Amino acid sequence: MGHGPVGMLPLFDGNIVEKQVRSAQNMGADKIILLSPTMHGGLLQYVDDLKRRDIDAEIVRSASDLSQYAAPADDLIFLDDGVFLGEAFENSLSTQSDEQIYVVANADIYADFERIDLNHRWLGIGLLKAARLEEISQIPEDWDTGSALLRTAVQSECHRELISDEDMQADAVLQLLNRDASAAFAARQLGEMRIPKQNFLDRYALWPLMRKLIPVLWQAPNAKKYIGMASIACGVVAIGLGFILWPAVSLGFLFIGALALTLHDRISILSVDKGSSDWVRPSFHFLAMTALTVTVVKNAQALTMIVELALLLLLMGNLWLVRVGSDNIHLNGIRPDMPLILLLLSLAAALGFLSIGLAGAALFCMIYLIAASSARFMPESPPDLHK
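How each quantity is defined
Residues numbered from 1 in each chain as written. Predicted model: local features only at pLDDT ≥ 70, side-chain atom pairs only at ≥ 80, totals over all residues. Heavy atoms only, no water. Buried < 20%, exposed > 50% of the residue type's maximum accessible area, 1.4 Å probe, protein only. Helix = DSSP H or I, 4+ residues; strand = E, 2+ residues; numbered from the N terminus. Pairing = 2+ DSSP bridges. 1 Å grid on protein atoms, 1.4 Å probe; cavity = no way out; pocket = protein on both sides within 12 Å on 5 of 7 lines; lining within 4 Å. Points joined across faces, edges and corners; volume = space filled by probe spheres on them. Nonpolar A, V, L, I, M, F, W, Y, C, P; charged D, E, K, R; others polar. Salt bridge = Lys/Arg side-chain N within 4 Å of Asp/Glu carboxyl O. Core = buried A, V, L, I, M, F, W, Y, C linked by side-chain atoms within 4.5 Å. Contact = heavy atoms within 4.5 Å.

### Comments concerning the pairing of strand β7 (residues 100-105)
Working step 1: β7 sits mainly inside the fold: five of its six residues count as buried.
Working step 2: Pairing of β7 with strand β9 (residues 120-129) involves five bridges; the strand directions are antiparallel. Looking across to β9, one finds that Ile101 is bridged to Gly126.
Working step 3: One ladder, built from four bridges, connects β7 with strand β10 (residues 159-162); its direction is parallel.

### Brief notes about the layout of surface pockets
Working step 1: In this structure, the largest pocket occupies an estimated 910 Å³ of space.
Working step 2: Elements with a contribution of two residues or more to the lining of the largest pocket: α10 (200-218), α12 (247-266), α13 (280-299), α14 (305-324) and α15 (338-350).
Working step 3: Top contributing element to the lining of the largest pocket by residue count: α12, with six residues.
Working step 4: In terms of residue class, the lining of the largest pocket is made up of 14 nonpolar, five polar and 13 charged.
Working step 5: What lines the second largest pocket is a set of 26 residues, and nearest its centre among them are Phe12, Lys19, Asn26, Gln189 and Leu270.
Working step 6: Where the lining of the second largest pocket is concerned, the elements lending two or more residues are β2 (14-15), α2 (16-26), β6 (83-85), α5 (87-94) and α9 (179-192).
Working step 7: Among the elements that take part in the lining of the second largest pocket, α2 stands out by supplying five residues, more than any other.
Working step 8: Partitioned by chemical class, the residues of the lining of the second largest pocket number ten nonpolar, eight polar and eight charged.

### Remarks on the pattern of salt bridges
Working step 1: Under the counting rule described, the total for this entry stands at 13 salt bridges.
Working step 2: One salt bridge connects Asp171 with Arg188, and the closest N-O pair in it is separated by 3.0 Å. Of the two residues, Asp171 sits in the loop between α8 (165-169) and β11 (173-175) while Arg188 sits in helix α9, which places them 17 residues apart along the sequence.
Working step 3: The class for Asp171 is buried, based on a relative accessible area of 14%.

### Some details on the nonpolar core
Working step 1: Of all hydrophobic cores here, the largest spans 29 residues; its most connected members are Leu254, Leu292, Leu315 and Leu345.
Working step 2: For this core, the secondary-structure elements that each account for two or more residues are α11 (223-243), α12, α13, α14, α15 and α16 (354-377).
Working step 3: In terms of residue count, the dominant contributor to this core is α13 (seven residues).
Working step 4: For Leu315, the contacting residues outside a window of four places in its chain are Ile341, Leu345, Leu358, Ala361, Ala362 and Cys365.
Working step 5: Membership of the second largest hydrophobic core comes to 25 residues, among which are Ile16, Leu201, Trp218 and Leu263.

Structural data, given as C-alpha cells:
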C-alpha cells in the first residue's frame, strides 16, 4: 500500500501514508503491509513507529513477499499510492465480504486513474481475497502490483462499485500524488471545519486568521509544542508585569497567551493524535489566574480589594461554567471565553477602569449563564395545526 515518496508527502500534521493506514484500520484491517520496492528510509522509520504504537505492520519489496503474511482465504484491502476513501465509503467497504473494486466513469477528469475499458477507470481501491497474491506472483516483475491485482480481478469479472461524479467531487475518494494536491485537500478540509461555541470575535476575526495559518504550521516540525510554550511564556511575563504595576500590558500579554493557547489546540484539528493529553491548557489557566490576582491586588484600593478579588473569583467561576456548559446556538455569538474576556479587561485597564471592567466582565458572564439556562428550560412552541 503506497510507495515511499508519495506516502511520505505531508498531510495535516502527519503524512499521506498515515491517513491511508487510518483508513485501512477504519475498514477493519488487522495488519498493515506497506509495499515499497525501493525501501524508502522514511517508510522504514514510519513502520518502526507503527510497531511502537502496537500496530501490526510490515514493509515488503514485492507482491511475492506479500503472500507470506496472509492465508489465501484472508481479505485483502488494497490502496494504491496516495489513495484513500472518505468516511461513508469506509463504512460501506467495512461491511463487505465479497470481492469488489472501486471504479469511476472513464472521463478525462479522471485521467490519473488506470483505465479498465471504455466505460470505467480503477480508483486504486479493492477488496480482494489474498489468494490473488499467488496468482500475481507468476506475473513478470515489471508489472505494478496494483495493476496485476486489477488484471486478475477484471478477468474474473469481480464486482465493480461505481463512484458517481457527485461523490468524487465531495471527496468520497482521494488520490494525492503531489505536494500541491495534498495542500489543496488539507486547506479544503480545514475550510469545511465548523468550530462549536464560537462567539463573534472568534468567528469573524480569530478563526479566519488561524485557518490561513494552520496549514503553514502543519508543515513545521514541533509547531504545536512551540506555540504551547509561547502561551506559557506569555503567562509568566504577565505575572512579572503585574508586579511592576503595568496592568494593561500584563493583561495584553495574557490575551496574546490565550490566542496562542487557542491556536495550540486547533493545530490538532484533523490530527492523528488529537486525543492525546496536554499539560499546556491547565498550566496557562493557572498562570492566567495568578497574573490576574497579582494585577488586581497591586492596583486595587485597600477598601475595595476584597470586593475586586471576589469579582475575580466570580468571573473565573462563571467562565468555567460557560466552558463546560452545553452549546446554545442562539447565544453563541455573545458566548464569553478567555480571549474575549481578556480583551475586554485589557481595554478597560488601558483606559484606567480595571475595576469597572472586572465587574462588567463578571456581570456579562452571569447574564449569559442566566440567558442560556432560561433558553434550555423554555418549552418549545407547539406546532401550528392550521398550516
